[in-house]
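Each chain is listed here by its residues.
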Amino acid sequence: LNADGFGVWALCVNEAQPAGYWLLDNERVYLKDGNWAYDNEQLWVNNSVFGFFACYPQNIGFEATEYNGYKTIALTYETPDAANEDILVATTFVDTRTAYNETVPLTFKHLFSKVNIRVKQNKGTNERDNFIIDKITLRNVKSKGTCLALQNIDVVWDYDTVTKTFTKDIPGDNIIDFETGIMLSDDGLLLLPQTIAANSIELEVAFRVGLEGNTDISTFESKTYKAYLPNTVNWEPGKSYTYTAQVSTYNPIVFLAPTVDSWGGSQSGGTIIIK
C-alpha cells in the first residue's frame, strides 16, 4: 500500500440526488510527504451520505456500475488455478447530516479466505505403520462470482456455478512425518468466501501404506479414499482455515475440527482527508 497506493471510489447520496452520484472513480491515493494524497480533490456536501470503497491492487478490475437499480462497485472474479491472488478492500460510510469527521478512515482487509488441508496418518489406528502420500485433490470449490461493494459495510458475493479442483502430486517414496504430514498447499489457497454445505467439497487422498515391520516399499498397498469437508464452519473473508485429514487403513478419511485463525489481522491504509 505504501509503495503502490490504492484506488478509491466515493458515492454521494442526498435528497437532491437520491440515486447518488460518483465523486471519485478509482482515484489513485498515494503517499506524499508522509500523508495520503490524491489529485482530483473534492468537497464535502452537507446533508448527504457518502460511501467510500478502496481496493489494492488499484486496477484489479473493480468498476462503478449499477446492480438491481442501485449504484455499486462490482468485480467479476474467477479464482486462478494457483489460487494465490490476494486483494485488499476497505469500506467506510460518512453521514454529513450530523456532525462528522472530515478524515475518512480506511481499514483494509483480505477479500478472500485462506484455506489449507493437512493430511496425516491416523494415530489411533495406524501409529506404527508407514504411509506415503501420492496425491491430494480438493474438488467442487466455488471459484467464480461477482463481488459487490457499497451495498453495506461488508462486500457481498453473487456466485456463479463454476467450481475448481486443486491437486497436489507428491513425487517419490517419502514416508510422511507422523506429526507434520503433508500440506495441500505450501502457502494456503486464497479462495472465495463461501458457505460449506454438507457433502459439497470433496477431498480425495491417494496413498500407500506398509503395515508395521514392512520396510519393502514395493509391497506397500495402494489406496484412494474420499470424504467431504465437514460443514461445521463457513469460509469468511480475512480468515485462515486449516483442515486436518487423517488417513488410515480403514475408509473413510477422518477430519479433525478445523482450526480458524485471523489471517494477518486488519491492515490500516491510513486516512484520506477530503478538504
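Preceding this paragraph is the structure being described.
Parameters and conventions
- Residues numbered from 1 in each chain as written.
- Predicted model: local features only at pLDDT ≥ 70, side-chain atom pairs only at ≥ 80, totals over all residues.
- Heavy atoms only, no water.
- Helix = DSSP H or I, 4+ residues; strand = E, 2+ residues; numbered from the N terminus.
- Rg over C-alpha atoms; globule rule 2.2 N^0.38 Å.
- Buried < 20%, exposed > 50% of the residue type's maximum accessible area, 1.4 Å probe, protein only.
- Contact = heavy atoms within 4.5 Å.
- Lys, Arg positive; Asp, Glu negative; His and termini not counted.
- Charge placed at Lys NZ, Arg CZ, Asp CG, Glu CD.
- Pairing = 2+ DSSP bridges.
- Axes fitted to C-alpha atoms, helices over the stretch in contact; angles between N-to-C directions.
- Polar contact = N/O pair within 3.5 Å; in protein donor to acceptor, adjacent residues only side chain to side chain.

Caption draft 1: A look at the overall build of the protein. Summing up its helical and strand segments, the protein has one helix and 21 strands in all. Computed over its C-alpha atoms, the radius of gyration of the protein comes to 24 Å, more than 25% above the 19 Å expected for a compact globule of 275 residues. Oriented by its inertia axes, the alpha-carbon framework of the protein measures out at about 80 × 40 × 30 Å. Residues classed as buried in the protein amount to 47% of the 275 residues present. Counting only contacts in the protein whose residues sit at least 6 apart along the sequence, the fraction spanning at least 24 positions is 73%. For the protein, the centre of its 21 positive side-chain charges and the centre of its 34 negative side-chain charges are spaced 3 Å apart.

Caption draft 2: Quick peek at the sheet that holds strand 17 (residues 221-228). Spatial strand order, 13-10-16-17: four strands in an open sheet with antiparallel pairing. Of all strands in the sheet, those bounded by a partner on one side alone are strand 13 (163-169) and strand 17. On average, each strand axis in the sheet is inclined to that of its neighbour by 15 degrees, with strand direction left out of account. Relative to strand 16 (residues 202-210), strand 10 (residues 130-142) runs antiparallel, the two sharing nine bridges. Considered in strand 16, the bridge of Leu138 is made with Leu203.

Caption draft 3: Expanded view of the sheet that holds strand 6 (residues 70-78). What the four strands build is an open sheet, ordered 5-6-11-12; its pairing is antiparallel. Edge positions in the open sheet fall to strand 5 (63-67) and strand 12 (156-159), since each of these has one partner strand only. Each neighbouring strand pair of the sheet contributes to a mean axis angle of 40 degrees, computed without reference to strand direction. Bridge count for strand 6 against strand 11 (residues 144-149) is six bridges, and the pairing is antiparallel. Each bridged residue has a counterpart across the sheet, and for Glu78 the counterpart in strand 11 is Lys144.

Caption draft 4: Structural context of the environment of Asn140. Mapped onto the elements of the fold, Asn140 is located in strand 10. For Asn140, a relative accessible area of 36% puts it in the partly exposed group. Along the primary structure Asn140 and Trp235 are separated by 95 residues, whereas in three dimensions their C-alpha atoms are 14 Å apart. In contact with Asn140, other than residues within four places in its own chain, are Thr163, Lys164, Thr165, Ser200 and Ile201. Side-chain polar atoms of Asn140 contact the backbone oxygen of Ser200, separated by 2.8 Å.

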